Amino acid sequence: IKTILLKHRPEGKPTVSDFEFTTEDKDTELTLQDGEVLLEAVYVSVDPYLRGRMSDAKSYVPPFELNQPIQSGVVAKVLDSKNDSFKKGDFVSGMLDWKTQQVSNAEGLTKVDPSKAPLSAYLGILGMTGLTAFTGLTEIGKPKEGETIVVSGAAGAVGSVVGQIAKIYGLHVIGIAGTDEKVDLLQSKFGFDAGINYNTTEDMAAAIAAAAPNGVDIYFDNVGGPISDAVLVNINQFARIIICGAISVYNNTEAPKSLSVQPFLVKNSALMQGFIVSNYAAKFPEAISQLATWLAEDKLTYSETIVKGFDNIPNAFIDLFEGKNKGKMIVEI
Ligand code: NDP
């Protein structure tokens, strides 16, 4: 049984040496108490927000403890069960340790059905990713037909879903991503109207203005930093700005800088709102059912970058900060 622990709190960009691998003898019998299940990890999700939990700064979830296993979304197979809700052979998803096998008290586990969708999808479009895209866009963005939306981190897990949902609502959709290949994918696979490569575009504000001749009504922000400044100088009156994430600054070591785009918010009476997907738990059943319906109707599609092997979990996580993924980054155990 292998486990990955947090060894050091990363300074700046995480490195493999921030993690420690341990191996226990498989013969150590994992005995179950009533209510418990024995699980074997099948797919492990790596997510940018885990970076925040690796620091000890105060946040909406407590930091990971040093020398303890990292946790993230995992799809696992039930190897043994003393819980009436789960039987041997079932698949479940939940927040679990980075461990090849573990005993869980089954709290927070949801049964997932491999006949309805590939198991990995329950970590992406039918999991936190899809829920984040759907609730952020609909609850804060309040999209209206004919409006223009810009999505940053657009070829990533959340961004690619946001853009597609916005198309379903009849918006003009512009995506920002880091390579030409990703920009092509935005248009050819996800149906965006336009894409901008922030790594090769010199004047981002001008490129956004050109792609959004009617201005920007909604900005779904996954990255923060200078990309967001370039979007915000193009917002319309009563624009809605959804602060979903800020991956471009997660590894910063210096103190935050002040926003110099506030005047654009003031003069446009714009709303900028941060959000955490778990605030919208009451909406999850409706959101999942809607996402599953759109998937079945081929109105939504998704990409995954699947990395193989438990030992590669830290590398897959670190690669998120290099943009190595297209769509959801997942590790297959
Ligand atoms: P992604 O699949 O989007 O992966 C991260 C992507 O970020 C990379 O592929 C890369 O794409 C881009 N990126 C990395 N570094 C930079 C940089 N310096 N500047 C600009 N882009 C960069 O991850 P997720 O979809 O899982 O998450 C997207 C965002 O949403 C994150 O900020 C995450 O923290 C946030 N989030 C928030 C939630 C909430 O409840 N608020 C829930 C889930 C996610 P590229 O090649 O285009 O640079």
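Residues numbered from 1 in each chain as written. Predicted model: local features only at pLDDT ≥ 70, side-chain atom pairs only at ≥ 80, totals over all residues.

Q: Teacher, can you tell me more about the packing of helix 2 (residues 128-141) against helix 8 (residues 284-296) here?
A: A pair of packed helices can be characterised by two numbers: the angle between their axes and the separation between those axes. Across the interface, helix 2 lies against helix 8 with an axial gap of 10 Å and an inter-helix angle of 105°. Relative to helix 8, the element helix 2 is oriented roughly perpendicular. In contact with Gly130, Leu131, Phe134 and Thr135 of helix 2, helix 8 contributes Phe284, Ala287, Gln290 and Leu291. By residue class, the composition of the contact of helix 2 with helix 8 is 5 nonpolar, 3 polar and no charged. (Axes fitted to C-alpha atoms, helices over the stretch in contact; angles between N-to-C directions. Helix = DSSP H or I, 4+ residues; strand = E, 2+ residues; numbered from the N terminus. Parallel < 35°, antiparallel > 145°, perpendicular 65-115°, else oblique. Contact = placed C-beta atoms within 7 Å. Nonpolar A, V, L, I, M, F, W, Y, C, P; charged D, E, K, R; others polar.)

Q: How do you make sense of the domain arrangement of the protein when you look at a structure like this?
A: A common way to express how large an interface is: the accessible area buried when the components associate. What the domain assignment lists for the protein is domain 1 (2-124 + 303-332) and domain 2 (128-278). A separation of 29 Å is found between the C-alpha centroids of domain 1 and domain 2. Residue-level contacts link 16 residues of domain 1 with 18 residues of domain 2. Looking at side-chain class alone, the side of domain 1 that touches domain 2 contains 3 nonpolar, 8 polar and 5 charged residues. (Domains from an automatic or database assignment.)

Q: Teacher, can you tell me more about the sheet that holds strand 8 (residues 148-152) here?
A: In any sheet, the strands associate via hydrogen bonds between backbone groups, in a parallel or an antiparallel arrangement. Taken in spatial order, the 6 strands of this open sheet run 10-9-8-11-12-13, and their pairing is parallel. Only two strands of the sheet have a single partner each, and these edge strands are strand 10 (194-197) and strand 13 (271-274). Within this sheet the neighbouring strands show an average axis-to-axis angle of 15°, counted without direction. In this fold helix 4 (residues 180-188) packs onto strand 9 (172-177) and strand 10, with an angle of close to 170° to the strand it touches most, strand 10. (Pairing = 2+ DSSP bridges.)

Q: Just to check I follow, could you spell out the site of the ligand for this structure?
A: Around the ligand lies a shell of 32 residues, among which Gly156, Ala157, Gly178, Gly245 and Gly323 are the nearest. Secondary-structure elements contributing two or more residues to the shell around the ligand are helix 2 and helix 3 (157-168). Looking at the shell around the ligand residue by residue, the classes come out as 18 nonpolar, 12 polar and 2 charged. Of the domains in this structure, domain 1 (2-124 + 303-332) and domain 2 (128-278) are the two that each give at least three residues to the shell around the ligand. (Near = placed C-beta within 6 Å.)

Q: Looking at this model, I keep getting lost on the nonpolar core. Mind explaining?
A: Judged by nonpolar contacts, the single largest core of 91 residues is most densely connected at Val44, Val46, Val150, Val162, Ile208, Tyr219 and Phe220. Both domain 1 (2-124 + 303-332) and domain 2 (128-278) contribute no fewer than three residues apiece to this core. Among all residues touching Val44, those that are not within four sequence positions of it are Ser72, Val74, Trp98, Ile313, Val331 and Ile333. (Core = buried A, V, L, I, M, F, W, Y, C linked by C-beta atoms within 7 Å. Buried ≥ 20, exposed ≤ 12 C-beta atoms within 10 Å, placed from the backbone.)

Q: Teacher, can you tell me more about the pairing of strand 10 here?
A: The side chains of a regular strand alternate between the sheet's two faces. Bridge count between strand 9 and strand 10: 4 bridges; the pairing is parallel. Bridge pairing in strand 10 links Gly175 to Gly195. On the question of chirality, the crossover connecting strand 9 to the parallel strand 10 by way of helix 4 is right-handed. (Right-handed = clockwise from strand over helix to strand, strands pointing away.)

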